[in-house]
Amino acid sequence: KVIRSDQLTPTQTNTATDYAYIDSYGTYGQGGQDGYGYQTDYPPQEEDAASDATEGHDEEDQMYEGEYQGIPHPDEVKAARRAARAKARTVADAVSEQEELAEQYEDIMEDCGHGKFQWTLFVVLGLALMADSVECFVVALVLPSAEKDMCLSHAEKGMLGLIVFLGMMFGAFIWGGLADKVGRRKCLIIVLAMNCISAFFSSFAQGYGFFLFFRLFSGIGIGGSVPIVYSYFSEFLQMNKRGEHLSWLCMFWMMGGIYASFTAWGIIPRYGWGFSMGTEFQFHSWRVFVLVCALPAIAAFVGLIFMPESPRFLLENAKHDEAWMILKQVHDTNWRAKGEPERVFTVTHIKIPKTQEDEFIEIQTATGTAFQRWVVRTLTLTKLVNHKANTTLLMAIIWFTMAFSFYGLSVWFPDMIKHLQHEEYESKLKVFHREKVEQFHFNFSLENQVHKEGEYINDKFIDIEMKSVKFEDSLFVDCFFENIRSTETIFENCTIRSTVFYDTDLYEEKFIDCTFENVTFLHNKKGCHLDYEEENDVLVYLVSFLGSLAVLPGNIISALFMDKIGRIKIIGGSMLISAGCTFFLFLSFSQAAIIAWQCLFCGVSVAAWNGIQVITVELYPASKRATAFGVLNAICKLAAILGSSIFASFVGITKVIPILLSCIALVGGGVLALKLPETREKVLL
């Protein structure tokens, strides 16, 4: 039934203003099995029986204070938006049941408002997104120490850098699909738990194989967080808030990078923060850092325990009662926080349309063989994919080109800085020719030196460090080496006679084409040398920190203008400007210039990332939203693997090819982005 306004008491008039009307398809105010309605049969109140929340207030106190400034009442704005959508439906030739549910759900979310509940969920999901960001940084930050601790070769270091992205690629694909079948909240809790468990075991793993396995397992877990987080949060947002608040959510990715680089700088150089149990078990400070990186995932895991499932997911799975309870919780939480606890959630029923997929499922249930069920499911998915084939292809290309350039340059920037540092270091190389040293005690460190055709007779090398030292065509006779720690030190084509090596890390592989006569090796050091003061340059953490902090302006601008100028212009414009930034890298010949262009590139490209993630959420229906996002995010991680591998291979050879590749990819992706459909003023299907 529909209650007329003259039948309402003053209290009911205030709380039911927006609910007693009928829209173009006649579902509001009438409950029942064919639609959804607002509850109108709550018991009437007497005029003097006001609630405690409204006691002491008269009608003048309730007057909208913006009335005299000509500012429309929020309820009037809400009604105008609904009228516009109703008019659009009447103009359209036909409205699908899926679109009808989307309209209904949008109206309910408008009634629930945007407030305390969404902000609480924003923080919890932001921490999950922060955990994903930290996972992308952690290996790069610990690698300089881990390679020494575990004696890693160049091939092993490269595999360790790529294994996380490989795991995240599979994780995005797997968990995105499961989130549409099992639930957003449940899957997100599982992936965060996987990340926490993997971080714990990988920090204690002593061998390269176990460490690699647990980082892969961690990547598979946390890789599913991005598609789930955006799908989950978007389904609690109304249309006019969606673009802005999804963009604000991206801010946590920046915070993850800052958190990782800041804690790495604060923990890894502190060698004394570890412990050891004999010679077989070493727990150095970089392992402490790996544990600390799990804190955002732990915090998000705890927060999610108190968060409900997405009501839109529940409606897609015909769980109306659970969805209704959660929507009521959202409504009551928001309006109580705004000081209006008297507002009543008046929705009594939400229509659940029967989609074409449901018909396939009914057929699937009736079929008897596994093959027939597989055919039915394949037909269903094929039909859904073909419906958005062109759009999906465009999105896949845009995701790929953006990730290829972004992650490729993210590796290329620090590698180029290291290359410039190495060139500067080599320019200070000291070369000694045919020196003859007899009965001398070397008690000082040797660094960045080459000794050619030297003779060392009855000399002692005790308690010293050798860094980047090369002995070539030299003779050692009756020498004594004790407690030597070396880095990039080799003996090539040398003759060594009657010499003792005691407690050193000068292993056989450091002697190339050498001749040994009566040489003794005693108590060689085990493991690899860790020199935190020298090997872990603060510049590594500084570059990571500045690159993460530089995205702040781009995040703010994209969030403020996402709902004003639209997703397409944000994506296309940002990608084209980013291409311009990469072109100017041709003029970068110093470390400072490369760092500056890195910051500018990161600051501009983040706006494109925000737009891509927002439009991905909005293009696909609720039943396939996380699946589509997961597939596209998996393509993103594949592009990251290819980009980082290709770009890194040209460091020290040429910078023309990486710059041209990134520029071409960004221009192509930016132009294609302009062909995408705009989703700014469309309800979430």
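Here the structure is a predicted model, which is why all the values come from computation and not from measurement. The residue count restarts for each chain, going from 1 along the sequence in the order it is written. Confidence filtering applies because this is a predicted model: local features only for residues at pLDDT of at least 70, side-chain atom pairs given and counted only at 80 or more, and all residues used for totals across whole chains, interfaces and linings. Heavy atoms from the whole structure form the basis of all side-chain values; hydrogens and water molecules are not counted.

Residue-level account of the overall build of the chain, with values.
Per the secondary structure count, the chain includes 24 helices and 16 strands. Three labels apply to residues, based on accessible area from a 1.4 Å probe with only protein chains included: buried if under 20% of the type maximum, exposed if over 50%, partly exposed otherwise in between. The burial tally for the chain puts 51% of its 685 residues in the buried class. Only heavy atoms enter the contact rule, under which two residues are in contact if any of them lie within 4.5 Å. The contacts of the chain with a sequence gap of at least 6 include a subset with a gap of at least 24, amounting to 67%. Using a 1.4 Å probe, the Shrake-Rupley method yields the accessible areas, and only the shown protein chains count as cover for residues. When the accessible surface of the chain is summed, it comes to about 31300 Å², and 61% of that surface belongs to carbon and sulfur atoms. Counting from the N terminus, the helices are the DSSP runs of H or I reaching at least four residues and the strands are the DSSP runs of E reaching at least two.

Lay out empty space enclosed by the protein with the relevant residues and their values.
In this analysis, the protein atoms alone were mapped onto a 1 Å grid. Cavities are point sets where a 1.4 Å probe fits without being able to get out; pockets are open sets with protein on both sides within 12 Å along at least five of seven lines; lining residues have an atom within 4 Å of a point. Grid points are joined across faces, edges and corners, and a volume is the space filled by probe spheres set on the points. By the definition in use, this model includes three cavities of 30 Å³ or more. Taken as a whole, the second largest cavity encloses approximately 70 Å³ of empty space. Around the second largest cavity, the lining residues are A131, V134, E135, V138, N195, A199, R215, S218, V290, C293 and A294. Mapped by element, the contributors of at least two residues to the lining of the second largest cavity are helix 4 (116-149), helix 6 (184-204) and helix 7 (208-222). It is helix 4 that contributes the most residues to the lining of the second largest cavity, four residues altogether. Side-chain classes follow a simple rule in which Ala, Val, Leu, Ile, Met, Phe, Trp, Tyr, Cys and Pro form the nonpolar group, Asp, Glu, Lys and Arg form the charged group, and the remainder, Gly included, forms the polar group. Of the residues belonging to the lining of the second largest cavity, the class tally is seven nonpolar, two polar and two charged.

Describe the sheet that holds strand 7 (residues 455-457), with residues and values.
Any two strands with at least two DSSP bridges between them are considered paired. Read across the open sheet, the five strands follow the order 4-7-9-12-15; overall the sheet is parallel. Each edge of the open sheet is held by one strand with a lone partner, namely strand 4 (436-438) and strand 15 (515-517). Averaged over all pairs of adjacent strands, the angle between strand axes in this sheet comes to 5°, irrespective of strand direction. As paired elements, strand 7 and strand 9 (residues 475-477) share three bridges and run parallel to each other. Counted as the bridge partner of E455 is L475 from strand 9. Between N-to-C directions, angles span 0 to 180 degrees; the directions come from axes that are lines fitted to C-alpha atoms, helices contributing only their stretch in contact.

Give me the packing of aromatic side chains: which residues, what numbers.
Any two of the Phe, Tyr and Trp rings considered here, Trp counted by its six-membered ring, make a pair once their centres fall within 6.5 Å; the pair's planes then place it as stacked at under 30 degrees, edge-to-face at over 60, or tilted in between. Taken as a whole and assessed by the stated rule, the structure comprises 50 aromatic pairs. Each ring is checked for a lysine NZ or an arginine CZ that lies within 6 Å of its centre and within 35 degrees of its normal; such an atom marks a charge sitting over the ring. Over the ring of W335 we find R343; its NZ or CZ atom is 4.0 Å from the centre of that ring.

Can you break down the confidence of the model for the chain residue by residue, with the values?
One rule of thumb: low pLDDT means the predicted coordinates there are not for detailed reading. Confidence of the predictor in every single residue is expressed as pLDDT, which spans 0 to 100. With 76% of its residues at a pLDDT of 70 or more, the chain has an overall mean of 78. Model confidence for the chain, summarised as mean pLDDT per element, is weakest for helix 1 (residues 10-15) at 41 and strongest for helix 12 (residues 295-305) at 94. Note on residues 1-70: pLDDT is under 50 here. Beyond four places in sequence and across chains, it has 99 contacts. Counting contacts from residues 530-536, a segment whose pLDDT is below 50, to residues more than four positions away or on other chains yields 23 contacts.

Just give me the short version of the environment of I512, but keep the residues and values in it.
Position of I512 among the secondary structure elements: in strand 14 (residues 511-512). Along the chain, I512 and C494 lie 18 residues apart, while their C-alpha atoms are 8.1 Å from each other. Apart from the residues lying within four places of it in its own chain, the contact partners of I512 are I490, F491, E492 and N493.

Residues and numbers for the packing of helix 4 against helix 5 (residues 154-181), please.
Packing of helix 4 against helix 5 brings their axes to within 10 Å, and their N-to-C directions diverge by 165°. As summarised for this structure, helix 4 and helix 5 are arranged roughly antiparallel, according to the angle between their axes. Helix 4 and helix 5 meet at a crossing whose hand is right-handed. Residue-level inspection shows D132, E135, C136, V139, L143 and E147 of helix 4 in contact with helix 5, the latter providing K157, L160, G161, V164, F165 and M168. Class assignment of the residues belonging to the contact of helix 4 with helix 5 gives a composition of seven nonpolar, one polar and four charged. To sort the angles, those under 35 degrees are grouped as roughly parallel, those over 145 as roughly antiparallel, those from 65 to 115 as roughly perpendicular, and the leftovers as oblique. Each crossing gets its handedness from the near helix: less than a right angle anticlockwise from the far helix is left-handed, clockwise is right-handed.

So what's going on with the side chain of S310? Residues and values would help.
Structurally, S310 is set in the loop between helix 12 and helix 13 (311-316). Contacts of S310, omitting those with residues within four sequence positions, involve R184, Y232, E235 and F236.

How would you explain unusual backbone geometry if you had to name every residue and give the values?
Phi is positive for S468, close to 55°, though the residue is something other than glycine. Of note, S468 is situated in strand 8 (residues 460-472). Not every positive phi belongs to a glycine, and D478 is a case in point at roughly 55°. Take D478: it is sitting in the loop between strand 9 and strand 10 (480-487). The partly exposed category is assigned to D478, whose relative accessible area is 40%.

How would you sum up the packing of helix 20 (residues 551-565) against helix 22 (residues 591-619)? Please name residues and give values.
Two numbers describe how helix 20 lies on helix 22: the axes approach to 7 Å, and their chain directions differ by 35°. Classified by chirality, the crossing of helix 22 by helix 20 is right-handed. Residue-level inspection shows V551, G554, N555, S558 and M562 of helix 20 in contact with helix 22, the latter providing C602, G603, V606, A607, N610 and G611. Looking at the contact of helix 20 with helix 22 residue by residue, the classes come out as five nonpolar, six polar and no charged.

Quick rundown of a nonpolar patch on the surface? Include the residues and the values.
Distance thresholds for patches are 9 Å for like charges and 5 Å for nonpolar side chains (Val, Leu, Ile, Met, Phe, Trp, Tyr), applied to residues having over 30% relative accessible area and no salt bridge. Counted as salt bridges are all cases of a side-chain nitrogen of Lys or Arg within 4 Å of a carboxyl oxygen of Asp or Glu. On the surface, L638, L642, I646, V656, I657, L660, L661 and I664 cluster together into a nonpolar patch covering about 610 Å² of accessible area. Residue assignment for the nonpolar patch shows that the elements contributing at least two residues are helix 23 (625-649) and helix 24 (656-673). With five residues, helix 24 is the largest single contributor of residues to the nonpolar patch. Relative to the elements of secondary structure, L661 occurs in helix 24. The class of L661 is partly exposed, set by a relative accessible area of 31%.

Describe helix 8 (residues 225-234), and please don't skip the residues or the numbers.
Most of helix 8 sits inside the fold, with ten of its ten residues counted as buried. Along helix 8, the residues that are buried comprise S225, V226, P227, I228, V229, Y230, S231, Y232, F233 and S234.

Break down the environment of F213 for me, citing the residues and quoting the values.
Inspection of the secondary structure puts F213 in helix 7. A relative accessible area of 46% places F213 in the partly exposed class.

Provide a residue-level description of the pairing of strand 13 (residues 500-504), including the pertinent values.
Relative to strand 13, strand 10 runs parallel, the two sharing four bridges. Counterpart to I484 in the pairing with strand 13 is T504. In terms of strand pairing, strand 13 meets strand 16 (residues 520-522) through three bridges, oriented parallel. Within the sheet, the bridge partner assigned to F501 lies in strand 16 and is F521.

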